[in-house]
Amino acid sequence: MMPFPFEISATEGRARTGVLKTARGDIRTPAFMPVGTAATVKAMTVDQVKATGADIILGNTYHLMLRPGPERMERLGGLHKFMGWDKPILTDSGGFQVMSLAGISKVKEEAVTFSSHIDGSKHVLTPERSIEIQADRIGADISMQLDQCVSWPAERDAAQKAMELSIRWGARSKARFGEREHQALFGIQQGSTFEDLRRQSSDQLQEIGFDGYAIGGLAVGEGHQAMCEVLDYAPEMLPADRPRYLMGVGKPIDLVEAVWRGVDMFDCVLPTRAGRHGQAWTWDGPLNLKNARFAEDQNPLDPAIDGPSSQYSKAYLHHLIRADEILGKVLLSWHNIAFYQALTAAMRAAISEGRFEQFRRDFHARHTSN
Ligand SMILES: O=c1[nH]cnc2cc3nc(NCCN4CCOCC4)[nH]c3cc12
């Protein structure tokens, strides 16, 4: 069964740009997926998300399985209909958030068991149940295998055990997913910062066979430098003709450096979460609008960014954030998502025109100067 066609239209060094063609629409890569945690990209309507140019959003299985619940979600027609987003949705497996958000949790060969952070109710997540929730109840276009991500720094033995468990769970996820024409399943590379473990993980994932491959186990506190050192080898261990998705990343500079090293897809809560707290990204770097220096700054945030925030002054945004006004969260979330989409669009154009090396140099000079 042919998976979603992934057509790479240009490369420059290890960087690629292309299109992942799905049943619900094309995803231009490099792509940034806004995070739609509990069936909403926080503080944004789906029309606003679409207006930024996003081709795909991420849904969190952990949150959705707790509320509104998988069977209710299905009875309501699935996530696309529920939230009014008719473009592609990628869901994560829930495993990562169980470890970071849930109450008491236990990882065993058979399943992850945990108690809900909302009401303490007990839940069981197996590779099979996660696939059933993602692909059959939520109706995700792209589902993720259940995996185990170790924290950083990790002892080699712990990293190896988690990587091997993730492979076994990948095989069980694939067996439950089966062959589908209009939905895809991605595997997840693990191995922490150990090159040989990442090689083993990559080789065994390819033997199982997935429609795309994620790089897991990063953005867990290792920092930009250590992440880049892993990305110096990890993406190219994965098939060149399938999408490579770096989970949970990241800041704009992280995206540029990861695309340079061969990554195609990203997701991160940063643009919306930091936006709600007053942080705005611009081509000239991040700004914290809570800072008093903006109190009478009549200039717009970044005229180059298309969207409502460019029609307001920094002074007004400063006021809204200081006053904890809902509109401040809305405008800065929208601005940051629009910036991330402008960044990935600019990288796609730069790779297509063979000038990504210059783009990367200019970005460092301009974005990390202040
Ligand atoms: O191996 C993984 N497997 C499955 N899901 C993941 C999600 C992940 N998310 C992050 N990092 C998120 C970092 N965020 C940055 C912004 O603030 C919140 C945390 N790292 C991740 C690794 C994995």
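All of these numbers come straight from a predicted model, not from anything done at the bench.

Novice: Before we go on, may I ask you to explain the pattern of salt bridges in this structure?
Specialist: Pairing between side chains of opposite charge can happen when their charged atoms approach one another. If you walk through the whole model with that rule in mind, you get 27 salt bridges. Note that D264 and R16 form a salt bridge whose closest N and O atoms lie 2.8 Å from each other. Taken together, the positions of D264 in the loop between α10 (252–260) and β14 (265–268) and R16 in strand β2 (residues 15–22) put the pair 248 residues apart, joining distant regions of the chain. With relative accessibility at 0%, the residue D264 sits in the buried group.

Novice: For this particular structure, what's the right way to read the sheet that holds strand β9 (residues 122–125)?
Specialist: Strand pairing within a sheet occurs via backbone hydrogen bonds; the two strands may be parallel or antiparallel. Taken in spatial order, the three strands of this open sheet run β7-β8-β9, and their pairing is antiparallel. The strands lining the two open edges of the sheet, one partner per strand, are β7 (105–107) and β9. With strand direction ignored, the average angle separating the axes of adjacent strands in the sheet is 15 degrees. Judged from the three bridges that link them, β7 and strand β8 (residues 112–115) form a sheet pairing that is antiparallel. Opposite V107, over in β8, you have V112 as the bridge partner.

Novice: When you look at the UniProt feature "binding site: substrate" (unreviewed entry) in the protein chain in this model, what are you seeing that I'm missing?
Specialist: Mapped onto this structure's residue numbering, the UniProt feature "binding site: substrate" (unreviewed entry) falls at D92, S93, G94, G95, F96, D147, Q190 and G217. A residue is classified by how much of its surface remains accessible, and S93, at 5% relative accessible area, is buried. In contact with S93, other than residues within four places in its own chain, are T61, L125, S130, Q134, M144, Q145, L146 and D147. There is a polar contact of 3.1 Å between the side chain of S93 and the backbone nitrogen of G95. The topology assignment puts G94 in the loop between β6 (89–91) and α5 (95–101). Its relative accessible area of 1% is what places G94 among the buried residues.

About the criteria used
- Residues numbered from 1 in each chain as written.
- Predicted model: local features only at pLDDT ≥ 70, side-chain atom pairs only at ≥ 80, totals over all residues.
- Heavy atoms only, no water.
- Salt bridge = Lys/Arg side-chain N within 4 Å of Asp/Glu carboxyl O.
- Helix = DSSP H or I, 4+ residues; strand = E, 2+ residues; numbered from the N terminus.
- Buried < 20%, exposed > 50% of the residue type's maximum accessible area, 1.4 Å probe, protein only.
- Pairing = 2+ DSSP bridges.
- Axes fitted to C-alpha atoms, helices over the stretch in contact; angles between N-to-C directions.
- UniProt positions renumbered as here; feature names shortened; annotations may be inferred.
- Contact = heavy atoms within 4.5 Å.
- Polar contact = N/O pair within 3.5 Å; in protein donor to acceptor, adjacent residues only side chain to side chain.

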